[in-house]
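Read off the chains here:
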Amino acid sequence: MGSKGVVLAVDDDPLNLELIEELLDEVGYEVHLAKDGTEALAWLEKNPTLPDVVLLDRMMPGLDGIEVLKQMKQSAQLDRIPVIFQTAKSSEDAVREGLEAGAFYYITKPFNEDALLAVVATACEEHRAYSNLLNEVRKTVSGLKLMQQGVFELRTLEQMVDLTGLLSTLCPHPESVVVGLYELLINAVEHGNLGITYREKSQLNLEGRWHEEVERRLNLPQFAERKVRIEYGRDTQHCYFIIQDEGNGFDWEQYLEFSPERAFDTHGRGIAMSKLMSFSKLTYMGNGNTVRAEIALDHEA
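Residues numbered from 1 in each chain as written. Predicted model: local features only at pLDDT ≥ 70, side-chain atom pairs only at ≥ 80, totals over all residues. Heavy atoms only, no water.

Asks: Explanation requested: the side chain of Thr 122 in the structure shown.
Replies: Relative to the helices and strands, Thr 122 resides in helix α5 (residues 113–139). Judged by relative accessible area, which is 10%, Thr 122 ranks as buried. Look past the residues within four positions of Thr 122 in its chain and what remains in contact with it is Tyr 105, Asn 205 and Thr 266. (Helix = DSSP H or I, 4+ residues; strand = E, 2+ residues; numbered from the N terminus. Buried < 20%, exposed > 50% of the residue type's maximum accessible area, 1.4 Å probe, protein only. Contact = heavy atoms within 4.5 Å.)

Asks: Is there a simple way to explain the sheet that holds strand β5 (residues 105–108) in this structure?
Replies: Adjacent strands of a sheet form backbone hydrogen bonds with each other and so pair up, either parallel or antiparallel. The strand order β2-β1-β3-β4-β5 describes an open sheet built from 5 strands, whose pairing is parallel. Each of the sheet's edge strands pairs with one partner strand only, and the pair in question is β2 (30–34) and β5. Pairwise comparison of adjacent strand axes, ignoring direction, gives a mean angle of 20° for this sheet. Strands in contact with helix α1 (residues 14–26) are β1 (6–10), β2, β3 (53–57) and β4 (83–87); relative to β2, the strand with the most contacts, it is inclined by about 170°. (Pairing = 2+ DSSP bridges. Axes fitted to C-alpha atoms, helices over the stretch in contact; angles between N-to-C directions.)

Asks: Just to check I follow, could you spell out helix α8 (residues 198–207) for this structure?
Replies: Structurally, the α-helix is built with 3.6 residues per turn, so residues lying three or four positions apart point the same way. Every buried residue of α8 is listed here: Lys 201, Ser 202, Leu 204 and Asn 205. Buried residues of α8, viewed axially, fall in a sector of 165°; they line one side. Two residues or fewer past α8, Gly 208 is found with a positive phi of approximately 70°. (Arc of directions from axis to C-beta.)

Asks: How do you make sense of the sheet that holds strand β10 (residues 290–296) when you look at a structure like this?
Replies: Spatially, β6-β7-β8-β10-β9 is the arrangement adopted by the 5 strands of the open sheet, whose pairing is antiparallel. Every interior strand has two partners, whereas the edge strands, β6 (149–154) and β9 (281–285), have only one. Between one strand and the next, the sheet's axes are offset by a mean angle of 15°, whatever the strand orientation. As defined by bridge partners, β6 adjoins strand β7 (residues 228–234) across 6 bridges and the pair is classed as antiparallel. Bridge pairing in β7 links Phe 152 to Ile 230. Sheet strands touched by helix α6 (residues 157–168): β6, β7 and β8 (238–244). Its angle to β6, the strand with the most contacts, is close to 165°.

Take a look at the structure:
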């Protein structure tokens, strides 16, 4: 597919739909439109594997955005499609309701064009990254699950992607584990080893320069030798990963849950996503540059 991504835009305001379609089409997205929640769900049921992101108006007559999102989360085919809420209702309670329903991205109405493009780009890139990783997971030999213990090291984003797919196959339900493992490893590279701050990443996403900056820092002398160490282990009750970077750590406690204060940022939800979607237990140690992620084996024990 030649487009930058496939977006389903849902809004009961025809003018807003027209503006969104024009803006996204101009920069290379394939855009599909729905005028209400019912039409959106009908289109999604017919095209469950097509969209990279759903840009969803929160307040609509009939099925509102929350109800559409809840129905998507109940579908095994639709629950992993990222949803961006468009909303003029930005109170903390309203935002928290959306986050709890599974809307990991927010933009305000009327929207800022640069902010909309940055959030759509982030959501599409993450969805495509997860989809590619899942494809790799499905190709990997199932015999790797016999592995009981191992230690791995990585430095670059390419190595991170390759190792995420491999390590996920060591766990039950690798299609769930791959999402959280990807987020933890990318945090270890960008924020840990390369020292990219939260504020810096926000600006880099807005400018579309995140990949460029990561590659630049990987080649700087002060970062060139830094590695992320991953220890894998397995017993009768669970399997686990211990991920350690060589950075200075961070204030991890504020990122364990979805935060209404950060809901409108282009990033900052990876740790909470990992805890919610991938791991039965997530424990940070020391200054935050080491994390232990556990997956219960349940009936596989």
